[in-house]
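Inside the fold
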Amino acid sequence: MQENNFKNYVLLHFIVFIWGFTAILGALITIDAIPLVWYRMLLAVLFIAIYFLWKKKSFKVDREGILKFFFTGVVIALHWVFFFKAIKVSNVSVALVTMSTGAFFTALIEPVFFKRKINTLEMFLGLLVIAGLYIIFNFESQYKLGIIYALIASFLGALFAVLNGLFIKKYTADTISFYQLFFGVIFITIYLLFTNSFSVNFFQITASDWLYLIVLSSICTAYAFIASVQVMKYLSPYTVMLTINLEPIYAIVLALFIFGDKEQMSSTFYLGAFIVLFVVLLNGIIKNRGILKEKFQQKWNRKK
């Protein structure tokens, strides 16, 4: 049993490493953010469809699900567009540190959908994250547009995560993913048609970009998603949550090795980044204590 948990823990770190590599690929791919997301989602839909056929899974979903997945498909498409735009106009480090505000946005959005009170502690930690971002924003003025794009992406990502928290109660994770990616492609396709963006140049992709896009859509999107669902069956929510919070750290270290001087930031940036990432990890630790306390209370009540 312990050996099985260890294997899944190693796999989880590998998945988080892959997610961190997504930002690296976004910087390496030379095409603009909107075409990049279109290709990513289209290829990912194809890969997940192949997975469905291989596993002989049903594509059937009810009308209510179609409407829900269409809306969230648009949300995730816009999330990725702004995420990759942030990387294109700034760099990987700035984009990912700013994206760590997702926990703060979730603390604001979650009470609305789950009908619970706003958590004062979560709001306090969120304000600390904003303080860290202010330090970065104030002293790294050349990256302001990238920070704004990343904040929009972070909010949309939090909204997407909260809504999926509701959907997962009724639908399977792979069904949710397939239809959200499918409708995301449809949404971007409509936008590209209205703006007359489809042209010969749109489909002229370099060999290196094709390679990066295939890796991005297959390994970093389709595989990582399916594998993450599998891992969550064996590891505690705290272990998963805390490990996922390491994604920006993995990506920033990777970016420093791959891009070198482009990712070198001032000491002020690293101070702000430390505050943001420390709060994110602290949030995970605090939530774990709450989960453990709740489980202990449930066991104690059963014994009584």
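Up top is the structure these notes are about.
Predicted model, so just to flag it, every value in this text is computed and none were measured.

**Quick look at the overall build of the chain**
For the chain, the count of helices and strands is 12 helices and 0 strands. In sequence order, the chain lays out its α and β elements as α-α-α-α-α-α-α-α-α-α-α-α. Looking at the 304 residues of the chain, the share that counts as buried comes to 47%. Counted over contacts in the chain with a minimum sequence separation of 6, partners at least 24 positions apart contribute 88%.

**Looking at the pattern of salt bridges**
Enumeration over the complete set of coordinates arrives at 4 salt bridges. In this structure, the salt-bridge partner of Asp62 is Lys170, at a minimum N-O distance of 3.5 Å. Here the residue Asp62 occupies a position in the loop between helix 2 (33-55) and helix 3 (63-89), and Lys170 occupies one in the loop between helix 7 (144-167) and helix 8 (173-194), the gap between them amounting to 108 residues. Here Lys170 and Glu64 are joined by a salt bridge, their closest N and O atoms 3.4 Å apart. One end of the pair, Lys170, is in the loop between helix 7 and helix 8; the other, Glu64, is in helix 3, and 106 residues separate them in sequence. Given a relative accessible area of 42%, Glu64 falls into the partly exposed group. Members of the salt-bridge network, linked through shared partners, are Asp62, Glu64, Lys68 and Lys170.

**Points about the packing of helix 3 against helix 8**
Interhelical geometry of helix 3 versus helix 8 gives an angle of 65° and a closest axis separation of 7 Å. Comparing their axes, helix 8 and helix 3 come out roughly perpendicular. Between helix 3 and helix 8 the crossing geometry is right-handed. In contact with Ile66, Phe69, Phe70, Thr72, Gly73, Val74, Ile76, Ala77, Leu78 and Trp80 of helix 3, helix 8 contributes Ile176, Tyr179, Gln180, Leu181, Phe183, Gly184, Phe187 and Ile188. Here the contact of helix 3 with helix 8 is built from residues that sort into 14 nonpolar, 4 polar and no charged.

**What about the nonpolar core?**
Nonpolar side chains in soluble globular proteins tend to end up buried together. Ranked by internal contacts, the top residues of the largest apolar core, which has 72 residues, are Met41, Phe69, Phe83, Phe84, Val92, Ile188 and Leu213. Tallying contributions element by element places helix 2 first for this core, with 14 residues. Discounting residues that sit within four places of it in the chain, Phe83 has contacts with Thr22, Ala23, Leu96, Met99 and Ala153. Membership of the second largest hydrophobic core comes to 13 residues, among which are Val94, Val129, Phe269 and Val276.

**What to know about the side chain of Asp209**
With respect to the helices and strands, the residue Asp209 is situated in helix 9 (residues 207-231). An unpaired buried charge is present at Asp209: no salt bridge exists, and Lys88, the closest side chain of opposite charge, is 7.2 Å distant. Those residues within four positions of Asp209 in sequence are excluded, and the remaining contacts are Leu28, Ile29, Thr30 and Ile31.

Rules used in this analysis
Residues numbered from 1 in each chain as written. Predicted model: local features only at pLDDT ≥ 70, side-chain atom pairs only at ≥ 80, totals over all residues. Heavy atoms only, no water. Helix = DSSP H or I, 4+ residues; strand = E, 2+ residues; numbered from the N terminus. Buried < 20%, exposed > 50% of the residue type's maximum accessible area, 1.4 Å probe, protein only. Contact = heavy atoms within 4.5 Å. Salt bridge = Lys/Arg side-chain N within 4 Å of Asp/Glu carboxyl O. Axes fitted to C-alpha atoms, helices over the stretch in contact; angles between N-to-C directions. Parallel < 35°, antiparallel > 145°, perpendicular 65-115°, else oblique. Left-handed = near helix turned anticlockwise from the far one by under 90°. Nonpolar A, V, L, I, M, F, W, Y, C, P; charged D, E, K, R; others polar. Core = buried A, V, L, I, M, F, W, Y, C linked by side-chain atoms within 4.5 Å. Lys, Arg positive; Asp, Glu negative; His and termini not counted.

On their own, these measurements won't tell you what the molecule is for.
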